[in-house]
Structures are given as C-alpha cells and as structure tokens.
Amino acid sequence: MAKSAEDSRQFPRPPHEFTDGESRTVRMAAYDGEAEPLVSMYTDFDADSRSQGVPPRKEPAIREWVTDLLDEGLNVVVWHDDRLVGHAVLMPVEDESAELAIFVHPDYQSAGIGTELIKVLLGHGQEEGLEHVWLAVSQRNHVAMRVYRSVGFETRLREHVEIEMELDL
C-alpha cells in the first residue's frame, strides 16, 4: 500500500483531553496498569456490544483476555472522571506491524470518542515505532467502517463476513 500524505500525518499522542459530542470531557492515556478497571468496563458490555467474539462474555475469560492485551499490546484508555469508558489496543503481529482493536462503553458510543481514541492510539503507535496497522471489521458494521475510513484506513481484503482494513503510519 503506497503512503499518501494523509497516511503519513502525525496523530495526537497520549495523554490527550477531548470533549465529546455529549459535552463530556474525557482523558485518554497510555495504559499499562492493572486489569481490574478494564475487566469492570467489559463486564458491562451486552451482546450487541460484542463483535467477532470480543470482549468475551464471562468474567474469568474477560480477565484472561485483558491480561493478554496488557502484557502484549500498546494500550490507550479513556477516562470520564474516575470511570474507564474506552479502550483501544495495538497488538503486535510482526515487526513494526500491529492489529487494532477498539471498544467504547455502550453509554459513551456515538459521541466521537471512538474516532478520537483511534487517532490517539495511532499516535501512540507512531511514537513506539509502528509502521503498519490493520484491523478486521464485520461488513455489517457500517458505523465502524466509516470511522476507520475517516482516520485513513483503506480496505485491503473483503471476505464473506469481514473486511480487513489497513493504514501505513
């Protein structure tokens, strides 16, 4: 994939403060802390807030999954006051390349937090030397695809159920 001027832009780095579409001020920060705040957030997710099997449904599986993300990935979280309301991670897949996953608490969706969180996560990835990011998204998730495209992701592969998208940093 050829790098365009848009692809090579600098994204904001954490920490980053943002006022969402509901006039809530949230703080985004790199995170390598304890699993508990993330486990607590993910246990609130209902079936409609899960995609491609994540986050897992049961607390022990959520805890194991979160621990792996914290151990292996570059993580950025979103705080509203003292409540963790968003999490995005870049999981390394090979040298200078990572897979992106993002989750925003259902009470905070559709307010622009996800778009801003992706930008801050990509800035964190640039800061850490990543050169390429990809993700998989359900073909039915038109909202997510629109968000990913707005940040600069392009479709690289269409499967029956999923679309893979990528971005060179």
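Here we summarise the structure given alongside this text. These numbers come from a predicted model, not from an experiment.

Turning our attention to helix H2 (residues 59–72). End to end, H2 covers 20 Å across 14 residues, agreeing with the expected 20 Å (1.5 Å per residue, within 8%). All of the buried residues along H2 are Ile62, Trp65, Val66, Leu69 and Leu70. One side of H2 carries all its buried residues, which in axial view fall inside an arc of 135°. Counted as exposed and oriented over 90 degrees from the buried face of H2: Pro60, Glu64, Asp71 and Glu72.

Before going further, it helps to spend a moment on the sheet that holds strand S8 (residues 162–168). Ordered by their spatial adjacency, 8 strands build an open sheet running S1-S2-S3-S4-S5-S6-S8-S7, and the pairing between neighbours is mixed. Lying at the two open borders of the sheet, with one neighbouring strand each, are strand S1 (16–19) and strand S7 (154–158). Direction aside, the axes of adjacent strands within the sheet are offset by 25° on average. When strand S3 (residues 74–80) meets strand S4 (residues 83–94), the two strands line up antiparallel, connected through 7 bridges. Note that in S4 the partner of valine 78 across the bridge is glycine 86. Relative to the sheet, helix H3 (residues 113–127) contacts S1, strand S2 (25–30), S3, S4, strand S5 (97–104), strand S6 (132–138) and S8, its axis offset from that of S3 by approximately 145°.

Calculation rules
- Residues numbered from 1 in each chain as written.
- Predicted model: local features only at pLDDT ≥ 70, side-chain atom pairs only at ≥ 80, totals over all residues.
- Heavy atoms only, no water.
- Helix = DSSP H or I, 4+ residues; strand = E, 2+ residues; numbered from the N terminus.
- Expected span 1.5 Å × (residues − 1).
- Buried < 20%, exposed > 50% of the residue type's maximum accessible area, 1.4 Å probe, protein only.
- Arc of directions from axis to C-beta.
- Pairing = 2+ DSSP bridges.
- Axes fitted to C-alpha atoms, helices over the stretch in contact; angles between N-to-C directions.
- Contact = heavy atoms within 4.5 Å.

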